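# Notes for the structure review
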Amino acid sequence: MRHQLEQREQQILSVHACRSEQTAGRQIPESPCPVRTMFQHDRDRILHCKSFRRLKHKTQVFLSPEGDHYRTRLTHTLEVSQIARTVARALALNEDLTEAIALGHDLGHTPFGHAGERVLNELVPGGFHHVRQSLRVVDVLEKEGAGLNLTFEVRDGILKHSKGQGPILSDDPAVLAATLEGRIVRLADIIAYVSHDLDDALRAGFLRDSQIPVSITDVLGDSHACRIGTMVTDMIENSLVVEGGTIGLSESVAEAIVNLRDWLFRHVYQVRTVHDDFEKASRVLRELYVFFAENEKALVAHGGRRLAGDSLDVSVVDFIAGMTDRYAINLYHRLFLPQPWKIF
Ligand code: MG
């Protein structure tokens with residue numbers, strides 16, 4: 001069955017696609033699945049891992065949202081995956097590889113979104129970035145310290161997905177994924193988050209449609225669906241247009257995306273009510289970090305793991321970065337706040 005699927009890839013995928021048979025392979029060689037291609041197998045390993053399930057209780061923008069319709073890190077991941085797969089299929093690139101990278105890209109995200117990332121980065125010797133942690137999750141932490149042993153192309157795509165606040169288009173090979181599928185996920189990530197963070201901010205009442213600058217709506221459109229449609233279509237039309245293959249956007253759409261991202265920073269991520277919650281969340285993680293960094297026994301007693309060769313700092317970061325928002329808040333309560341007496 002796997003051979004048939006690999007032959008089908010030969011027949012239907014673009015010459016620019018990364019075919020499963022071409023993979024640079026796994027870090028530890030193993031016999032391939034008889035039914036699935038290597039990239040299908042990687043996607044399934046990610047989907048079935050515990051870190052993936054924890055994404056449902058990790059913040060996207062709004063902390064531990066009570067409203068059922070706000071995005072979480074899990075629904076963000078699924079939206080990235082859907083956008084990336086649409087583009088990959090339209091361009092006859094490898095949809096399975098694209099999906100595996102997309103589903104794995106944010107596995108290393110901390111609780112409380114970027115507030116968590118920022119506070120760990122300040123505290124940890126050597127700094128912290130969710131991208132490196134995502135790779136550590138799949139390479140080392142999953143399966144009780146055995147790792148998922150993913151293919152080079154999926155690991156590379158996870159490592160190269162982030163743009164931070166930097167330029168979204170780049171031709172720097174040090175920045176870009178080795179495969180076009182990885183480069184699709186890099187752009188699908190920002191297309192997803194500028195769209196759904198705006199949608200969530202409108203839902204929360206932080207913003208009204210009329211406040212979005214006309215220079216952005218003129219290019220991207222007036223509704224959530226329209227904006228995603230514009231960006232996805234633009235990516236499809238502006239990719240594979242040069243020899244050797246490329247993933248791109250038109251200048252006008254790329255500029256509108258950057259403007260929307262910068263505008264969201266000013267009008268959503270940094271507004272006082274959102275920012276105040278970020279401060280509180282930072283305090284929770286800071287206190288947990290300091291407590292466990294000075295108390296190895298407590299780390300192990302509360303579910304942290306000490307892997308051979310790792311410093312205590314690294315083990316504390318692994319523990320804290322892996323927490324969901326509610327796990328961190330509950331643990332903070334148990335450790336630092338007096339518990340009410342119960343009468344039985
Ligand atoms: Mg992401």
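The paragraphs below set out a description of the structure included in this document. None of the values given here were measured: they were computed from a predicted structure.

Another aspect to go through is the overall build of the chain. Secondary structure assignment for the chain yields 16 helices and zero strands. At 21 Å, the chain has a C-alpha radius of gyration in line with the 20 Å of a compact globule built from 344 residues. Its C-alpha atoms give the chain principal-axis dimensions of roughly 70 × 55 × 40 Å. Out of the 344 residues belonging to the chain, those deemed buried represent 53%. Pairs at least 24 apart in sequence give 70% of the contacts found in the chain among residues at least 6 apart. Element-wise, carbon and sulfur atoms account for 53% of the exposed surface of the chain, whose accessible area totals about 16300 Å².

In this section: the layout of surface pockets. Quantified by volume, the second largest pocket comes out at close to 450 Å³. What lines the second largest pocket is a set of 24 residues, among which Arg 54, Arg 305, Asp 318, Phe 319 and Gly 322 lie closest to the centre. For the lining of the second largest pocket, the elements supplying multiple residues, two or more each, are helix H3 (50-54), helix H7 (130-145) and helix H15 (312-322). With seven residues, H7 is the single largest residue contributor to the lining of the second largest pocket. Counted by class, the lining of the second largest pocket contains eight nonpolar, seven polar and nine charged residues.

On the surface, Arg 53, Arg 54, Lys 56 and Arg 326 cluster together into a positively charged patch. Note that Arg 54 resides in helix H3.

Our focus in this paragraph is the environment of Thr 246. Relative to the helices and strands, Thr 246 resides in the loop between helix H11 (224-237) and helix H12 (251-269). Taking relative accessible area as the criterion, Thr 246 reaches 22% and is therefore assigned partly exposed. C-alpha of Thr 246 to C-alpha of Val 185: the two residues are 61 residues apart in sequence and 13 Å apart in space. Beyond its immediate stretch of four places on either side in the chain, Thr 246 contacts Leu 180, Asn 238, Ser 239, Leu 240 and Val 241.

Now for the packing of H7 against H15. Two elements in contact, H7 and H15, have axes separated by 12 Å at closest approach and are oriented at 105 degrees. With respect to their mutual orientation, H7 and H15 come out roughly perpendicular. Here Gln 133, Arg 136 and Leu 141 of H7 come into contact with H15, specifically with Val 314, Val 317, Asp 318 and Ala 321. Classifying every residue of the contact of H7 with H15 by side-chain character gives four nonpolar, one polar and two charged.

The backbone of Ala 92 shows a phi angle near 55 degrees, a positive value even though the residue is not glycine. Considering the arrangement of structural elements, one finds Ala 92 in the loop between helix H4 (73-90) and helix H5 (95-104). Residue classification places Ala 92 among the partly exposed residues on the basis of a relative accessible area of 23%. Look at Lys 143: it is not a glycine, yet its phi comes out positive at around 55 degrees. Note on placement: Lys 143 falls in helix H7.

Rules used in this analysis
- Residues numbered from 1 in each chain as written.
- Predicted model: local features only at pLDDT ≥ 70, side-chain atom pairs only at ≥ 80, totals over all residues.
- Heavy atoms only, no water.
- Helix = DSSP H or I, 4+ residues; strand = E, 2+ residues; numbered from the N terminus.
- Rg over C-alpha atoms; globule rule 2.2 N^0.38 Å.
- Buried < 20%, exposed > 50% of the residue type's maximum accessible area, 1.4 Å probe, protein only.
- Contact = heavy atoms within 4.5 Å.
- Areas by Shrake-Rupley, 256 points an atom, 1.4 Å probe, with all protein chains shown as cover.
- 1 Å grid on protein atoms, 1.4 Å probe; cavity = no way out; pocket = protein on both sides within 12 Å on 5 of 7 lines; lining within 4 Å.
- Points joined across faces, edges and corners; volume = space filled by probe spheres on them.
- Nonpolar A, V, L, I, M, F, W, Y, C, P; charged D, E, K, R; others polar.
- Patch = residues over 30% accessible without salt bridge, like charges linked within 9 Å, V, L, I, M, F, W, Y side chains within 5 Å.
- Salt bridge = Lys/Arg side-chain N within 4 Å of Asp/Glu carboxyl O.
- Lys, Arg positive; Asp, Glu negative; His and termini not counted.
- Charge placed at Lys NZ, Arg CZ, Asp CG, Glu CD.
- Axes fitted to C-alpha atoms, helices over the stretch in contact; angles between N-to-C directions.
- Parallel < 35°, antiparallel > 145°, perpendicular 65-115°, else oblique.

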